[in-house]
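# Summary of structural features
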Amino acid sequence: MAATVLAHCWRGLFQSSGNGAVSTIKSKIFEGVRQKSTVQYISRPDHPKLAYQRVKGKSPGVVFLPGYGSNMSGEKAEALGEFCRSLGHAYLRFDYSGHGASEGVFSEGTIGTWKKDVLFMLDELAEGPQILVGSSMGGWLMLLAAIARPEKTKALVGISTAADHFVTAFKTLPIEVRKECEDKGVWTIPTKSNEEGMYTVSMDFLHEAENHCILQSPIPITCPIRLIHGLKDEDVPWHISMQVAERVLSPDVDVILRRHGQHRMAEKDDIKLIVYTIDDLIDKLTTMV
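The structure presented is a predicted model; accordingly, all values stated were derived computationally and were not measured. (Residues numbered from 1 in each chain as written. Predicted model: local features only at pLDDT ≥ 70, side-chain atom pairs only at ≥ 80, totals over all residues. Heavy atoms only, no water.)

### So, the pairing of strand β4 (residues 89-94)
Across the six residues of β4, six count as buried, placing the element largely inside the fold. Burial of β4 is two-sided: the residues His89, Tyr91 and Arg93 facing one way and the residues Ala90, Leu92 and Phe94 facing the other way are all buried. Pairing between strand β2 (residues 47-55) and β4: four bridges, direction antiparallel. Looking across to β4, one finds that Tyr52 is bridged to Phe94. Of the strand pairs in this sheet, strand β3 (residues 58-65) and β4 are connected by four bridges, and their pairing is parallel. Its bridge partner being in β4, Lys58 is matched across the sheet by His89. In the classification by handedness, the crossover that spans β3, the intervening helix α2 (residues 75-87) and the parallel β4 is right-handed. (Buried < 20%, exposed > 50% of the residue type's maximum accessible area, 1.4 Å probe, protein only. Helix = DSSP H or I, 4+ residues; strand = E, 2+ residues; numbered from the N terminus. Pairing = 2+ DSSP bridges. Right-handed = clockwise from strand over helix to strand, strands pointing away.)

Next comes the structure, spelled out in structure tokens:
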């Protein structure tokens, strides 16, 4: 049974870091002093080119997986880049096909498509053991990748993890609303996480996503897992992180609940917590070696 820790706040984040790196770099990360990485592209036969940024360094490396419709240029991704660069650890971030600077058509993407993107990048560009950090839908893809590549995945950090969320949220709608969506072929989801104030998801997308649901049975992941979620998340309920913690086989699982945290988890204190959590895992993995 996974050990679950609930915390409504995390005080003194930068006062007890094992290697001291967090304290050293916090001014760089949180006061806007950032080094720009060059966007590169990797080609795949018969598939869209994927845009990525990479910092080479020591193991374990960190791989950031953004959310649905998001990209590798957000606050969390940038902060993790500065953190890894300052620590000397490898860091990889990229845009899924149809997202950000990558090629492809967003509306043609599926959970399966983006899972393949993640596995391709892990196989081709991530050297050695990795800590996967997934935000929202990226948290779902993070879990799928950990199942598919256990030898490469040494720890996971989920942020507002949206495992199975599109599918389970749709099934909770009244039957008449679901029928209307089926007739139209799309489901419009209100959100505060983008400028449009909504996501439009096709029924084909939802039906394909059902093939990747993982919360109905034990999840065969045994590495350390940290799940951070905001209690004020209006897009993805925090109890999904609790469900993930209950389903994974890992004996080392912490769930951290932010009392005022919202879905994007991009406030200064949210990012401090994420960076501290990764720093702590690097310490743990280094000590284990």
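### Topic: the nonpolar core
In terms of nonpolar packing, the biggest core is built from 59 residues, with Phe94, Met121, Leu156 and Phe166 touching the most fellow members. Look past the residues within four positions of Leu156 in its chain and what remains in contact with it is Leu132, Met142, Leu143, Ala146, Ile221, Cys223, Pro224, Ile225, Arg226 and Leu281. Core analysis: the next-biggest nonpolar cluster, separate from the first, contains 26 residues, Val55, Met265, Val275 and Leu281 among them. (Core = buried A, V, L, I, M, F, W, Y, C linked by side-chain atoms within 4.5 Å. Contact = heavy atoms within 4.5 Å.)

### Focus: the sheet that holds β2
Pairing within the open sheet is mixed, and its eight strands lie in the order β1-β2-β4-β3-β5-β6-β9-β10. Two strands close off the open sheet at either side, each with one partner strand: β1 (40-44) and β10 (253-258). Here the average twist between neighbouring strands, direction ignored, is 20°. Where strand β5 (residues 130-135) and strand β6 (residues 153-159) come together, six bridges link them in parallel fashion. By the bridge assignment, Ile131 is partnered in β6 with Ala155. (Axes fitted to C-alpha atoms, helices over the stretch in contact; angles between N-to-C directions.)

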